[in-house]
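# Remarks on the overall topology
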Amino acid sequence: MTRIFDCTNSSFSHLCTTRNFLFNKHIRPIPKNNPKPNPKNHDHLSDTPKHPLDPLTLVEIQKVRSTLSSHALFASRAPHALHSVVLEEPDKNLVRQWEKGNALPPRKASVIARVFSDSHVLTVDLSTGHVDIVDSPVRVLGFPVMTFNRTIISPGLNLTDVICFPISSGWYGNKEETSRLIKIQCYLTQGTANFYMQPIEGLTLLYDLDTKQILEVSDTGRAIPIPSPNNTDYRFASVPTLDKIRILNPISMEQPRGPSFVIEDNHLVKWANWEFHLKPDPRAGLIISRWTRDVMYKGFVSELFVPYMDPSEAWYFKTYMDAGEYGFGNAVYMDGIFAAADGTPYVRENMICVFESYAGDIAWRHSENPVTGLPPIREVRPKLTLVVRMVASVGNYDYIFDYEFETDGLMRPKVGLSGILMVKGTAYENKNQVKKDKEGNEEELYGTILSENVIGVIHDHYVTFYLDLDVDGLDNSFVKVNLKRQETKPGESPRKSYMKAVMNIAKTEKEGQIKLSLYDPSEFHVINSGKTTRVGNPTGYKIVPRATAATFTNNQIWATPYNMSEQWGGGFFTYQSHGDDTLAVWSERDRDIENKDIVVWYTLGFHHIPCQEDFPIMPTVSSSFDLKPTNFFERNPILQASPYFERDLPVCGTESVSA
């Protein structure tokens with residue numbers, strides 16, 4: 001088995017791939033000489049930072065690699081890997097005070113390195129080359145984001161038809177205490193590109209990433225057949241001709257005068273009356289910062305948690321912290337520049353796209369019939385949306401992350417789920433074969449039979465957003481606005497009761513922990529009591545929840561004081577973490593949050609009970625929440641928006657269609 005896992009063995013090297021397997025995209029190192037420019041963008045060797053929050057450039061990452069190569073920690077040629085090389089963001093106050101044209105604050109890189117079996121956190125000053133050791137070795141119980149090679153093993157099958165890949169093992173006791181471990185599971189690729197539908201059920205290997213040894217082999221599924229590849233291929237070219245249909249004609253959107261947004265200096269997006277800084281990130285995927293007029297200093301996906309509801313030997317550990325354990329990536333239009341495990345910079349092309357969307361929705365409208373003798377009124381404005389999108393293929397699942405900006409000041413973070421289910425092999429081909437006990441209770445399958453010998457396991461998705469809101473400044477408060485039934489006084493009104501808005505300002509963190517309930521209608525505001533409108537209302541933004549699910553952190557909304565070191569809800573070192581450096585732990589300090597620089601955390605939740613419509617690939621399901629101005633403007637901010645006139649649009653002629 002160890003021989004098969006050795007990628008230097010010429011007999012098996014073709015079975016290995018880069019650490020980027022989960023993103024379905026190989027790392028593309030930048031050549032040292034005569035680099036080929038990106039034809040869709042530009043030559044990244046000429047990039048220079050223009051904003052304090054701009055990500056590290058290709059040249060800066062090369063400098064980090066060169067600097068560390070001569071550092072004592074790495075000079076001994078000890079086995080090592082760089083798990084993260086990102087910009088160490090300057091102090092928040094420095095960024096807020098910075099204006100275009102001013103000198104940038106000192107540029108520094110934050111590095112997480114693995115040397116032998118220890119993790120180290122370092123800071124590299126890019127101007128001086130000085131290296132500060134922040135934490136060496138790291139004492140926190142947990143490990144950084146994984147980097148690994150795909151490997152192959154087979155229980156009696158043709159190796160060329162088997163694919164295996166690593167799965168995070170979680171932390172379930174002393175066995176995972178000090179070793180950096182992964183679980184490895186395998187699938188059959190014969191007869192289909194959708195190998196996820198052909199699991200070799202019950203075969204699990206425990207692998208030590210540091211010693212490169214297989215510690216355990218568990219094979220609990222010898223009696224379970226590998227599912228058939230029939231009807232599992234989802235590619236259009238593989239669909240039988242008779243099954244191909246075109247339900248709708250294609251739709252395209254025209255912009256005769258071009259897009260309404262611009263991107264300056266590679267990262268500054270300007271649209272309508274809004275602007276924000278946008279950058280790719282190897283862990284969060286994308287980060288939006290400095291949203292106009294002190295609305296949001298920084299926002300991103302802090303964690304994604306996907307627990308599967310099957311406690312059996314081959315499934316109990318499948319509780320993935322996808323952002324903290326694997327990282328995100330893969331979409332279009334804006335490139336990301338990151339560091340490979342040896343520090344070599346590489347380009348993840350077309351990682352983020354920015355585009356405008358119009359679905360025929362209405363921003364506002366009103367009409368009046370001429371009952372008063374006045375001319376009729378028909379006023380309407382189109383609703384246009386600027387979308388920032390990143391699509392992350394994390395193993396079998398595809399996550400579509402959209403940040404939708406609207407001209408009225410609303411911003412809607414939205415998550416779409418698609419891709420392929422992680423399924424379980426079973427001996428059952430039909431539900432009527434499921435065994436029952438003496439009381440008539442069916443055997444627990446932990447999911448739904450989707451096809452012959454295939455079970456879709458019940459699971460959840462929880463996406464936690466970090467929202468550093470600075471509404472009209474730093475001193476903000478979190479307010480829960482409850483709608484309460486208020487009875488009228490005797491003789492006061494023919495009505496017996498009405499709904500009253502009761503505002504409760506959270507003074508400490510525990511008062512800012514919210515469990516959403518359909519039976520407790522509420523709004524959740526972030527206000528600046530020191531800034532008011534002309535009629536005296538405090539300026540603010542409100543969080544408008546949509547449908548959600550109970551969350552792994554017990555609350556859907558949290559409010560905490562700003563702390564630069566508290567940005568990752570699952571902890572800085574998530575992999576095999578004991579949960580002692582998480583949002584839930586930080587918030588237990590119950591710190592003051594009234595009139596403070598605060599961060600709001602919001603968790604979107606999805607419960608997924610698989611059904612046959614999810615086989616062999618899932619239709620996209622989406623959920624979102626809104627950040628919406630509340631007394632932030634003096635009046636409707638798009639009142640003066642221009643309507644569309646016929647002269648603004650292309651003239652489309654009719655085309656005769658023969659019978």
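Attention in this report is confined to the structure presented alongside it. (Residues numbered from 1 in each chain as written. Predicted model: local features only at pLDDT ≥ 70, side-chain atom pairs only at ≥ 80, totals over all residues. Heavy atoms only, no water.)

### A few points about the state of the cysteines
Threshold: Cysteine sulfur atoms that pair up within 2.5 Å are treated as a disulfide. Counting from the N terminus, the helices are the DSSP runs of H or I reaching at least four residues and the strands are the DSSP runs of E reaching at least two. Three labels apply to residues, based on accessible area from a 1.4 Å probe with only protein chains included: buried if under 20% of the type maximum, exposed if over 50%, partly exposed otherwise in between.
In total, this model carries 1 disulfide according to the counting rule given. One disulfide bridge connects Cys-164 with Cys-186, the sulfur atoms lying 1.9 Å from each other. In this structure, the disulfide formed by Cys-164 and Cys-186 twists by about 105° around the S-S bond and is classed as right-handed. Placement of the pair is Cys-164 in strand E5 (residues 162–168) and Cys-186 in strand E6 (residues 181–188), with a sequence separation of 22 residues. With a relative accessible area of 0%, Cys-164 lands in the buried category.

### Here's the deal with unusual backbone geometry
Backbone torsion omega between Phe-615 and Pro-616 reads 0°, so that peptide bond is classified as cis. With phi around 75°, Asn-266 is a residue other than glycine that occupies positive phi space. By secondary structure assignment, the location of Asn-266 is in the loop between strand E9 (261–264) and strand E10 (268–271). Residue classification places Asn-266 among the partly exposed residues on the basis of a relative accessible area of 33%. For Asn-595, which is not glycine, the phi torsion reads 55° and is therefore positive. Inspection of the secondary structure puts Asn-595 in the loop between helix H5 (583–587) and strand E31 (598–608). Judged by its relative accessible area of 34%, Asn-595 is partly exposed.

### A few points about the pattern of salt bridges
For the record, the criterion: Counted as salt bridges are all cases of a side-chain nitrogen of Lys or Arg within 4 Å of a carboxyl oxygen of Asp or Glu.
For the structure shown, the criterion picks out 33 salt bridges. Between Asp-294 and Arg-290 there is a salt bridge whose closest N-O contact spans 3.8 Å. Its relative accessible area of 23% is what places Arg-290 among the partly exposed residues. With a closest N to O distance of 3.7 Å, Lys-383 and Glu-406 form a salt bridge. You can see Lys-383 sitting in the loop between strand E18 (377–382) and strand E19 (385–394) and its partner Glu-406 sitting in strand E20 (residues 397–406), a full 23 residues away along the chain. On the accessibility criterion, Glu-406 (5% relative accessible area) is buried.

### Observations regarding the pairing of strand E3 (residues 118–125)
Two faces make up the sheet, and in a regular strand the side chains alternate between them. Our working rule: At least two DSSP bridges between two strands are needed for those strands to be called paired.
For E3, the buried fraction is high: 7 of the 8 residues fall into the buried class. Pairing between strand E2 (residues 108–115) and E3: 8 bridges, direction antiparallel. Paired with Val-111 across the two strands is Leu-122, which belongs to E3.

### Observations concerning helix H1 (residues 58–69)
Each full turn of the α-helix corresponds to 3.6 residues, which orients residues three or four apart in the same direction. Condition: To estimate the expected span of a helix, count its residues, drop one, and scale the result by 1.5 Å.
Given a rise of 1.5 Å per residue, 12 residues ought to cover 16 Å, and the 17 Å separating the end C-alpha atoms of H1 matches this to within 8%. Buried within H1 are the following residues: Leu-58, Glu-60, Ile-61, Val-64, Thr-67 and Leu-68.

### Observations concerning the sheet that holds strand E23 (residues 447–451)
Just so we agree on the cut-off: Only the stretch in contact is used when fitting a helix axis, every axis being a line fitted to C-alpha atoms; angles between N-to-C directions are given from 0 to 180 degrees.
Taking strand neighbours across the sheet as the criterion, the 3 strands line up as E22-E24-E23 in an open arrangement whose pairing is antiparallel. Each having just a single partner strand, strand E22 (423–425) and E23 make up the two edges of the open sheet. The average angle at which neighbouring strand axes cross in this sheet is 40°, direction not considered. When E23 meets strand E24 (residues 454–457), the two strands line up antiparallel, connected through 4 bridges. Note that in E24 the partner of Ser-451 across the bridge is Val-454.

### Some remarks on the packing of aromatic side chains
Stated precisely, the cut-off is as follows: Centres within 6.5 Å make a pair out of two Phe, Tyr or Trp rings, where for Trp the six-membered ring is used; the pair is then stacked when the planes are under 30 degrees apart, edge-to-face when over 60, and tilted otherwise. Note on criteria: charge over ring means Lys NZ or Arg CZ within 6 Å of the ring centre, with the direction from the centre no more than 35 degrees off the ring normal.
The final tally for this structure, using the stated rule, is 22 aromatic pairs. Ring plane angle 65° and centroid distance 5.8 Å describe the contact between Tyr-187 and Tyr-196, whose orientation is recorded as edge-to-face. For the residue pair Tyr-187 and Tyr-196, the accessibility class agrees, reading buried in each case. With a centroid separation of 6.2 Å and 80° between ring planes, the pair formed by Tyr-403 and Phe-465 is classed as edge-to-face. Taken together, the residues span a long stretch of sequence, with Tyr-403 in strand E20 and Phe-465 in strand E25 (residues 459–469) at a distance of 62 residues. Residue Tyr-403 is classed as buried on the basis of its relative accessible area of 3%. An aromatic cluster of three or more residues is present, and its members are Trp-274, Phe-276, Trp-291, Phe-405, Tyr-541, Phe-632 and Phe-633. Arg-283 extends its terminal NZ or CZ atom over the ring of Trp-568, reaching a point 4.2 Å from the ring centre.

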